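Single-letter residue listing:
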Amino acid sequence: MDHLDALVAAPFPAEGHHLVVLRAGQDFWDAGLDAVEAADEEMEAALQELAAALTTRWGPPEKIDLAPYLEAETPEPITTLCMVAGSMLVWRRPEAGRWVALTVGQADREFPIELIAVVSDVPLGQRREG
């Protein structure tokens with residue numbers, strides 16, 4: 001939680017946002033389906049635990065479907081999130097001019113499942129046309 005508070009307050013790096021992996025499972029190069037399912041359940045539980053804490057502090061999140069963002073060129077960090085996840089939970093922090101998102105994602109089926117946090121000021125309702 002303190003880590004997210006620090007990211008909300010921190011200046012953005014050159015990329016213009018903060019994207020951090022809060023937790024990652026194993027890779028799945030030689031793992032069976034049971035290992036993948038267990039890792040997915042573990043990351044989802046970690047997401048729900050952190051989301052509950054943020055909801056207590058900041059109120060309920062918005063659930064943002066990332067699928068519509070695949071249809072047009074979008075700015076970072078949305079593009080990266082679209083490549084690894086289908087949706088995200090978002091808490092808007094208007095006092096900081098930013099939003100905080102949590103999601104569980106996986107870059108490819110062999111890669112680890114990750115709990116990802118993002119802090120950005122990219123307008124969520126706007127997609128940049130290419």
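Residues numbered from 1 in each chain as written. Predicted model: local features only at pLDDT ≥ 70, side-chain atom pairs only at ≥ 80, totals over all residues. Heavy atoms only, no water.

(A) Molecular detail of the side chain of R98. Inspection of the secondary structure puts R98 in strand β4 (residues 98-105). Among buried Asp, Glu, Lys and Arg side chains, R98 stands out as unpaired, with D121 the closest opposite charge at 5.8 Å. (Helix = DSSP H or I, 4+ residues; strand = E, 2+ residues; numbered from the N terminus. Buried < 20%, exposed > 50% of the residue type's maximum accessible area, 1.4 Å probe, protein only. Lys, Arg positive; Asp, Glu negative; His and termini not counted. Salt bridge = Lys/Arg side-chain N within 4 Å of Asp/Glu carboxyl O.)

(B) Geometry of the sheet that holds strand β5 (residues 114-120). Strand order in the open sheet formed by 5 strands is β1-β5-β4-β3-β2, and the pairing between neighbours is antiparallel. Each of the sheet's edge strands pairs with one partner strand only, and the pair in question is β1 (18-24) and β2 (62-65). Neighbour-to-neighbour, the strand axes of this sheet turn through a mean angle of 25 degrees, independent of strand direction. Two strands pair when backbone bridges link them, and β1 and β5 are joined in this way by 6 bridges, in the antiparallel orientation. Within β5, the position partnered with V20 by the bridge is A117. Strands β1, β3 (87-93), β4 and β5 of the sheet are contacted by helix α2 (residues 33-58), whose axis makes an angle of about 160 degrees with β4. (Pairing = 2+ DSSP bridges. Axes fitted to C-alpha atoms, helices over the stretch in contact; angles between N-to-C directions. Contact = heavy atoms within 4.5 Å.)

(C) Region of the structure containing the confidence of the model for the chain. Considering every residue of the chain, the mean pLDDT works out to 88; 92% of them sit at 70 or more. A low-confidence stretch, residues 126-130 (pLDDT under 50), is modelled with 12 contacts involving residues beyond four sequence positions or located in other chains. (pLDDT = per-residue confidence, 0-100.)

(D) Broad picture of the nonpolar core. L4, L54, W91 and L102 are the most contacted members of the largest nonpolar core, which has 21 residues in total. Put simply, the parts of the chain that give this core at least two residues each are α1 (2-9), α2, β3, β4 and β5. Looking at this core, the element that brings in the most residues is α2, giving 8 residues. Residue contacts for L102: discarding those within four places in its chain leaves L4, L22, L47, L50, A51, L54, M88, L89, W91, I116 and A117. Membership of the second largest hydrophobic core comes to 14 residues, among which are I64, Y69, W99 and L124. (Core = buried A, V, L, I, M, F, W, Y, C linked by side-chain atoms within 4.5 Å.)

(E) Looking closely at the pattern of salt bridges. Under the criterion given, the structure shown has 5 salt bridges. Between R23 and E42 there is a salt bridge whose closest N-O contact spans 3.0 Å. Of the two residues, R23 sits in strand β1 while E42 sits in helix α2, which places them 19 residues apart along the sequence. Of the residues examined, R23 reaches a relative accessible area of 39% and is grouped as partly exposed. Judged by relative accessible area, E42 falls into the partly exposed class, the value being 39%.

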